[in-house]
Number of protein chains: 2
Amino acid sequence: MKLAVTGKGGTGKTTIAGLLARFFADDGFRVLAVDADPDANLASAIGLPEDQARAIVPISQRRRLIKERTGAQPGRPGQMFKVNPTVSDIADAYAVDHRGIKLLVMGGIQTGGAGCACPENTLLRNLLSEIILNRDEVVIVDMEAGIEHLGRATSRAIDLMIIVVEPGSRSLDTAETIMRLAREIGVSSFGIVGNKIRNEEEKRWLEARFPGDKILGMVSDRDIIRESDLNRIALADRLDDDLRKEFGAIYRACKSARPAR
Amino acid sequence: MKLAVTGKGGTGKTTIAGLLARFFADDGFRVLAVDADPDANLASAIGLPEDQARAIVPISQRRRLIKERTGAQPGRPGQMFKVNPTVSDIADAYAVDHRGIKLLVMGGIQTGGAGCACPENTLLRNLLSEIILNRDEVVIVDMEAGIEHLGRATSRAIDLMIIVVEPGSRSLDTAETIMRLAREIGVSSFGIVGNKIRNEEEKRWLEARFPGDKILGMVSDRDIIRESDLNRIALADRLDDDLRKEFGAIYRACKSARPAR
């Protein structure tokens with residue numbers, strides 16, 4: 001099963017991706033969690049200790065690997081390079097393990113308006129495609145809101161694109177842009193997770209903006225979430241019954257999403 | 001005066017940048033506001049009506065302009081292109097005006113680990129440098145947390161890099177990464193704006209993490225901020241006395257930052 005988690009920065013997308021990875025792993029699934037957002041920290045969200053998280057070098061910064069696979073030096077203009085580098089061994093070689101989760105930190109893939117055809121982006125794009133198309137684990141990708149770089153074959157292989165939304169028009173605008181782009185590139189299935197919900201009014205505000213069958217669930221704005229961030233404790237390591245119930249419902253909704261294939 | 005506003009996604013960085021632009025403009029300064037973050041919406045934050053904001057095409061998506069200036073087609077690998085395209089006319093030609101502010105929407109500049117040398121990135125990087133080095137207005141740039149692409153000459157011309165932080169370790173980690181990168185590339189002056197402060201405890205948590213003379217001010221987490229986002233009203237158009245006071249102090253602290261030159 002292939003899940004992509006996206007949404008505006010700051011909505012709690014990485015927290016949701018990390019919790020999902022932990023719920024799948026605790027349920028006995030083999031999980032590959034992919035951090036493809038340079039502004040996120042999926043390592044901390046799955047509960048990897050800070051020193052180990054800080055030691056990880058993203059694939060986007062591995063100049064020797066990029067050179068070896070593409071034949072071109074990163075950051076130098078006008079070179080020819082392989083547009084189909086070998087990538088199938090990278091996830092296993094560079095992932096770190098934590099509580100049944102393999103974590104691969106990729107770094108960001110440039111999207112821009114026009115698409116950027118440089119060696120490092122080509123490697124990262126190929127790697128992400130290979131993971132989504134060919135891995136047999138539960139794959140959870142924490143992605144930036146810019147998803148234009150996903151090719152059609154890759155997009156069709158995503159079983160569920162989860163868009164995290166908080167009550168607010170900026171977050172909603174980003175969600176709408178993502179849905180439009182996702183349809184254009186062939187993503188067939190979406191789900192919305194409402195996050196940081198303070199009250200019934202905010203819940204209804206969100207419910208009014210998406211079809212009911214697209215809402216996977218909502219997570220309340222609780223002090224425990226803010227405190228776990230302040231104290232650098234993964235939320236997955238200190239869930240209380242209320243959050244476990246809210247998030248368990250989201251987990252089950254994701255798990256039962258129909259595979260696209 | 002050249003101000004760069006940065007911080008983790010979701011901290012309210014764009015709201016702060018938009019308010020600053022409005023305060024400077026209302027105070028009689030000529031202002032050029034630059035949106036260099038594809039996940040932000042500086043147009044809305046300065047109060048541009050939604051239909052006008054949506055109609056703006058970012059420079060990063062202007063394929064004809066990119067081709068004309070760099071000599072190369074965006075998104076096609078292995079082409080040679082001009083590394084010093086003419087950019088000095090672009091801000092005036094493509095900015096939109098609102099309440100004494102010129103707004104230029106650039107789109108994102110790829111940073112990655114290795115740096116991406118494609119035509120569109122080269123154009124955007126040159127444009128941002130030219131604006132920071134040569135414009136004579138108050139320039140306020142809303143930037144992504146990735147700032148590695150700023151060259152040393154450009155970095156030194158930034159009078160103040162404002163980092164927006166909310167109480168939380170993720171936002172703090174991003175701020176620390178930004179400060180480290182900024183020093184490496186030659187930015188001499190920083191200031192911290194604390195945002196979404198709920199109580200005295202959170203205020204002290206932030207104060208304990210930065211030198212006192214680096215804290216420009218703090219903005220309380222008020223319902224009016226959340227409501228203005230929900231109702232698509234620029235915060236600048238509905239400031240109450242409390243927020244005007246909090247934000248006025250930040251504005252004055254920014255204004256009195258010593259020019260770097």
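Residues numbered from 1 in each chain as written. Chains lettered and ligands numbered in written order. Predicted model: local features only at pLDDT ≥ 70, side-chain atom pairs only at ≥ 80, totals over all residues. Heavy atoms only, no water.

Engineer: How should the interface of chain B and chain A be read in this particular structure?
Structural biologist: Opposite the 48 residues of chain B that make contact, chain A presents 48 residues. Buried area between chain B and chain A, summed over both chains or domains, comes out near 4100 Å², and the portion from carbon and sulfur atoms is 44%. Linking chain B to chain A there are eight salt bridges. A salt bridge links B:Asp173 to A:Arg232; the shortest N-O distance between them is 2.7 Å. Where chain B meets chain A, there are 18 residue pairs in polar contact (both at pLDDT 80 or more). Breaking the side of chain B that touches chain A down by element, the ones donating at least two residues are α3 (50–55), α6 (119–134), α8 (169–185), α9 (200–207) and α10 (223–230) of chain B. When residues of the side of chain B that touches chain A are assigned to their parent elements, the largest contribution, five residues, is made by α8(B). (Contact = heavy atoms within 4.5 Å. Buried area = accessible area lost by both parts, 1.4 Å probe. Salt bridge = Lys/Arg side-chain N within 4 Å of Asp/Glu carboxyl O. Polar contact = N/O pair within 3.5 Å; in protein donor to acceptor, adjacent residues only side chain to side chain. Helix = DSSP H or I, 4+ residues; strand = E, 2+ residues; numbered from the N terminus.)

Engineer: How should I be thinking about the sheet that holds strand β7 (residues 190–197) of chain A in this particular structure?
Structural biologist: In a beta sheet, neighbouring strands are held together by backbone hydrogen bonds and run either parallel or antiparallel to one another. Residue and element names in this part refer to chain A. Here eight strands make up an open sheet; going across it, the order is β3-β4-β2-β5-β1-β6-β7-β8 and the pairing mixed. Each edge of the open sheet is held by one strand with a lone partner, namely β3 (96–98) and β8 (215–220). Across the sheet, the axes of successive neighbouring strands diverge by a mean angle of 20 degrees, strand direction being ignored. As paired elements, strand β1 (residues 2–7) and strand β5 (residues 138–143) share four bridges and run parallel to each other. Within the sheet, the bridge partner assigned to Ala4 lies in β5 and is Val141. (Pairing = 2+ DSSP bridges. Axes fitted to C-alpha atoms, helices over the stretch in contact; angles between N-to-C directions.)

Engineer: Can you help me understand the pattern of salt bridges in this one?
Structural biologist: Pairing is possible between side chains that carry opposite charge, provided their charged atoms lie close to one another. Evaluated as defined, the whole model comprises 44 salt bridges over all chains. The partner of B:Arg54 in a salt bridge is A:Asp173, with the nearest N and O atoms 3.8 Å apart. One end of the pair, B:Arg54, is in helix α3; the other, A:Asp173, is in helix α8 (residues 169–185), on a second chain. A residue is classified by how much of its surface remains accessible, and A:Asp173, at 13% relative accessible area, is buried. Note that B:Glu137 and B:Arg135 form a salt bridge whose closest N and O atoms lie 2.9 Å from each other. Here B:Glu137 matches B:Arg135 in class, with each residue buried. (Buried < 20%, exposed > 50% of the residue type's maximum accessible area, 1.4 Å probe, protein only.)

Engineer: Help me out: how do you make sense of the packing of aromatic side chains in this one?
Structural biologist: Residue and element names in this part refer to chain A. A full pass over the atoms with the stated rule returns eight aromatic pairs over all chains. With a centroid separation of 4.8 Å and 80 degrees between ring planes, the pair formed by Phe24 and Tyr251 is classed as edge-to-face. With Phe24 in helix α1 (residues 13–26) and Tyr251 in helix α11 (residues 241–255), the pair connects residues that are 227 residues apart, well separated along the chain. Assessed through its relative accessible area of 6%, Tyr251 is described here as buried. One aromatic cluster in this structure is built from Phe23, Phe24, Phe29, Phe247 and Tyr251. (Phe/Tyr/Trp six-rings, centres within 6.5 Å; stacked < 30°, edge-to-face > 60°.)

Engineer: So what exactly am I meant to see when it comes to helix α9 (residues 200–207) of chain A here?
Structural biologist: What sets the pattern is the α-helix's 3.6 residues per turn: residues three or four places apart point alike. For α9(A), the complete set of buried residues consists of A:Glu202, A:Trp205 and A:Leu206. Down the axis of α9(A), the buried set is contained in an arc of 95 degrees. They therefore lie on one face. Next to the buried residues of α9(A) lie β6 (160–165), α8, β7 and β8 of chain A together with α10 of chain B. Here α9(A) starts with a cap whose side-chain oxygen sits 3.2 Å from the backbone nitrogen of A:Glu201, and that cap is A:Asn199. (Arc of directions from axis to C-beta.)

Engineer: Explain helix α6 (residues 119–134) of chain A here, please?
Structural biologist: Residue and element names in this part refer to chain A. Relative to the 22 Å expected for 16 residues at 1.5 Å per residue, α6 spans 22 Å between its end C-alpha atoms, a close match to the ideal helical length. Among the 16 residues in α6, twelve count as buried, and that is most of the element. Turning to α6, its buried residues number three or more, namely Pro119, Glu120, Asn121, Thr122, Leu123, Leu124, Asn126, Leu127, Leu128, Glu130, Ile131 and Ile132. (Expected span 1.5 Å × (residues − 1).)

Engineer: Help me out: how do you make sense of the nonpolar core in this one?
Structural biologist: Soluble globular proteins: nonpolar side chains tend toward being buried together. Residue and element names in this part refer to chain B. Judged by nonpolar contacts, the single largest core of 47 residues is most densely connected at Leu104, Ile147, Met161 and Ile163. With seven residues, the single largest contributor to this core is α8. Discounting chain neighbours no more than four positions away, the residues touching Leu104 are Leu32, Ala33, Val34, Asp35, Ile59, Ile90, Ala91, Tyr94, Ala95, Leu127 and Ile131. (Core = buried A, V, L, I, M, F, W, Y, C linked by side-chain atoms within 4.5 Å.)

Engineer: Explain the packing of helix α4 (residues 63–70) of chain A against α6(A) to me, please; I cannot follow it from the model alone.
Structural biologist: Any two packed helices are characterised by the angle at which their axes cross and by the distance between the axes. All names here are of chain A. The interhelical angle for the contact between α4 and α6, taken along N-to-C directions, is 80 degrees, at an axis separation of 10 Å. It follows that α4 is roughly perpendicular to α6 by the angle criterion. Residue-level contacts link Leu65, Ile66, Arg69 and Thr70 of α4 to Pro119, Glu120 and Leu123 of α6. (Parallel < 35°, antiparallel > 145°, perpendicular 65-115°, else oblique.)

Engineer: Looking at this structure, how should I read unusual backbone geometry?
Structural biologist: Trans is the prevailing form of peptide bonds, just as negative phi is the prevailing case for residues other than glycine. Positive phi is not limited to glycine here, since A:Lys196 has a value of about 60 degrees. Following the sequence through the fold, A:Lys196 ends up in strand β7.

Engineer: How should I be thinking about the confidence of the model for chain A in this particular structure?
Structural biologist: Detailed reading of the predicted coordinates is not advisable wherever pLDDT is low. All names here are of chain A. Model confidence for chain A is summarised by a mean pLDDT of 90, while 94% of its residues fall at 70 or above. In the model of chain A, helix α10 (residues 223–230) stands out as the element of lowest mean pLDDT, 88, in contrast to strand β4 (residues 101–105), which has the highest, 98. Across the whole predicted complex the pTM is 0.87, and at the interface the ipTM reaches 0.78. (pLDDT = per-residue confidence, 0-100.)

Engineer: Help me understand the environment of A:Ala234, please; the structure alone is not making it clear to me.
Structural biologist: Residues and elements named next belong to chain A. With respect to the secondary-structure elements, Ala234 resides in the loop between α10 and α11. Relative accessible area serves as the criterion here: at 7%, Ala234 is assigned to the buried category. Each C-alpha atom of the pair Ala234 and Pro49 lies 9.1 Å from the other, and the pair is 185 residues apart in sequence. The contact partners of Ala234, leaving out residues within four places of it in the chain, are Ser44, Ala45, Ile46 and Gly47.

Engineer: Can you help me understand the sheet that holds strand β2 (residues 31–36) of chain B in this one?
Structural biologist: All names here are of chain B. The strand order across the open sheet built from eight strands is β3-β4-β2-β5-β1-β6-β7-β8, with neighbouring strands paired in mixed fashion. Edge positions in the sheet fall to β3 (96–98) and β8 (215–220), since each has one partner strand and no second. Direction aside, neighbouring strands of the sheet carry axes that sit 20 degrees apart on average. Across five bridges, the pairing between β2 and strand β4 (residues 101–105) is parallel. By the bridge assignment, Val31 is partnered in β4 with Ile101.

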